[in-house]
Amino acid sequence: MKNNFILNKGEKVWGYTIPSLDETGIVKTGFSTRVGAVDKGDRKSTLNFCHSMDIYPEEIVFCGQVHGDKVVMAGSESTVDADGLMTDRPGIALVTFYADCVPLYFLDVKNKAIAVSHAGWKGTVAHIGANTLQAMHKAYGTDPRECIVAIGPSIGKCCFEVDPPVARKFGRAFEFGSDILEHRDNGKYHIDLAEANARDLEGQGILRRNIYKANICTSCNTDIVYSYRREGGTPKRMAAIIMLV
Ligand SMILES: [Zn+2]
């Protein structure tokens, strides 16, 4: 699996770009860092990052992010209680926020449609990635075999420790549960959230070679990104952006 989130040090874009998606020439993508900090619930605070990508305020669409499994078309009234956005219209920048949760970027290369969804542990267990693909199929005729998926920086298996009840939810939600769970001597479990999402998406027909993971643990890299867990419930977030150009 390729690893291609590239940090633009000292360059114009204030964050990571995603060559696996950008090099198709169909989309513009980004994931912000601590530079130009973004605050939870403060949409204005994303503007510097968006501006660094030549994306303008009138092009930006957000959603509510309630740790659910709902994916909606950008701009619809139901964006309030959704955790995923999709569109097939160029010039609409889909923006979601993260600090440890998993950003999932989707590009349907054939139909030129995009989505981004917010997969915390609850969203992961609720199969938000699979729901995103199903919503794209319904709206745009998306075939998973024609899609590229990028999985952004998120808390890694090294740091994401949970109690047994949460681990059991993963065991129940995924037949491959034992592959992404690791039992520790203290009675707790470590979970590989990015891989859980990758495997779930593979189960939907996404080709492994079309899945690109950042392999960047937010909790291990607080010099670059924020970590909700490591930094005591910080209100700071990173913004994930994808837009058809
Ligand atoms: Zn870590």
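To start, this report covers the structure provided alongside it. (Residues numbered from 1 in each chain as written. Predicted model: local features only at pLDDT ≥ 70, side-chain atom pairs only at ≥ 80, totals over all residues.)

**Description of the sheet that holds strand β14 (residues 189–191)**
For clarity, the threshold we go by: When DSSP finds two or more bridges between two strands, those strands count as paired. Secondary structure elements are defined from DSSP: runs of H or I of at least 4 residues count as helices, runs of E of at least 2 residues count as strands, and each element is numbered from the N terminus. Throughout, a pair of residues is in contact if the C-beta atoms placed from their backbones lie within 7 Å. Lines fitted to C-alpha atoms define the axes here, with helix axes fitted over just the stretch in contact, and angles between the N-to-C directions of these axes take values from 0 to 180 degrees.
Pairing is antiparallel in the open sheet, where three strands are placed in the order β12-β14-β13. A single partner strand is all that each edge strand has here, and the edge strands are β12 (161–162) and β13 (181–183). Here β12 pairs with β14 via two bridges, running antiparallel. Residue pairing for β14: Val 162 is matched across the bridge by Tyr 189. Against the sheet, helix α5 (residues 164–173) engages β12, β13 and β14, with an angle of about 45 degrees to β14.

**Section: the environment of Met 86**
Using the following cut-off: Every C-beta atom is placed from the backbone, and the number of other C-beta atoms within 10 Å of a residue's own sets its class: buried at 20 or more, exposed at 12 or fewer, partly exposed in between.
With respect to the helices, strands and loops of the structure, Met 86 is situated in strand β7 (residues 84–87). A residue is classified by how many C-beta atoms lie within 10 Å of it, and Met 86, with 27 of them, is buried. The sequence separation of Met 86 and Tyr 189 amounts to 103 residues, and the corresponding C-alpha distance is 33 Å. Setting aside anything within four residues of it in sequence, one finds Met 86 in contact with Val 71, Met 73, Ala 74, Ala 113, Ile 114, Ala 115, Ala 135, Met 136 and Ala 139.

**Notes on the nonpolar core**
What counts is decided by this rule: By our criterion, buried Ala, Val, Leu, Ile, Met, Phe, Trp, Tyr and Cys residues that link up through C-beta atoms within 7 Å make up a nonpolar core.
Counting 73 residues, the largest nonpolar core has Leu 94, Tyr 105, Val 149, Ile 151 and Ile 241 as the members making the most contacts within it. Examining the composition of this core, we find that six residues originate from one element, strand β16 (residues 236–244), more than from any other. Contact partners of Ile 151, with chain neighbours within four places excluded, come to Val 102, Leu 104, Ala 194, Asn 197, Ala 198, Ile 211, Tyr 212, Lys 213 and Ala 214.

**Some thoughts on the sheet that holds strand β10 (residues 113–119)**
Strand order in the open sheet formed by six strands is β6-β7-β10-β9-β11-β15, and the pairing between neighbours is mixed. Here the strands that pair on one side only, and so sit at the sheet edges, are β6 (71–73) and β15 (211–213). Sheet twist, expressed as the average angle between the axes of neighbouring strands with direction ignored, equals 15 degrees. As paired elements, β6 and β7 share three bridges and run parallel to each other. Of the residues in β7, the one forming a bridge with Val 72 is Leu 85. On the sheet, helix α4 (residues 128–140) packs against β6, β7, β9 (102–108) and β10 and is oriented at approximately 155 degrees with respect to β10.

**Section: unusual backbone geometry**
Of note, Asp 54 is a non-glycine position whose phi angle comes to about 60 degrees, a positive value. For Asp 54, the position within the fold is in the loop between α2 (47–52) and β5 (60–62).

**Considerations on the pairing of β9**
Taking burial as the measure, the seven residues of β9 include seven buried ones, the bulk of the element. Judged by which residues are buried, β9 turns out to be covered on both faces: Val 102, Leu 104, Phe 106 and Asp 108 on one side and Pro 103, Tyr 105 and Leu 107 on the other are all buried. With seven bridges joining them, β9 and β10 adopt antiparallel strand pairing. Following the sheet pairing, Val 102 is matched in β10 by Ala 119. In textbook terms, the turn of a hairpin is the stretch between consecutive antiparallel strands, and for β9 and β10 this stretch comprises four residues, one of which, Lys 112, has a positive phi near 50 degrees. As judged from the five bridges shared by β9 and strand β11 (residues 147–151), these two strands associate in the antiparallel manner. Bridge assignment links Leu 107 to a residue of β11, and that residue is Ile 148.

**Describing the pairing of β7**
The two faces of β7 match: Gly 84 and Met 86 on one face and Leu 85 and Thr 87 on the other face are all buried. Bridging between β7 and β10 involves four bridges; their strand directions are antiparallel. From the neighbouring strand, Met 86 faces β10, where its bridge partner is Ala 115.

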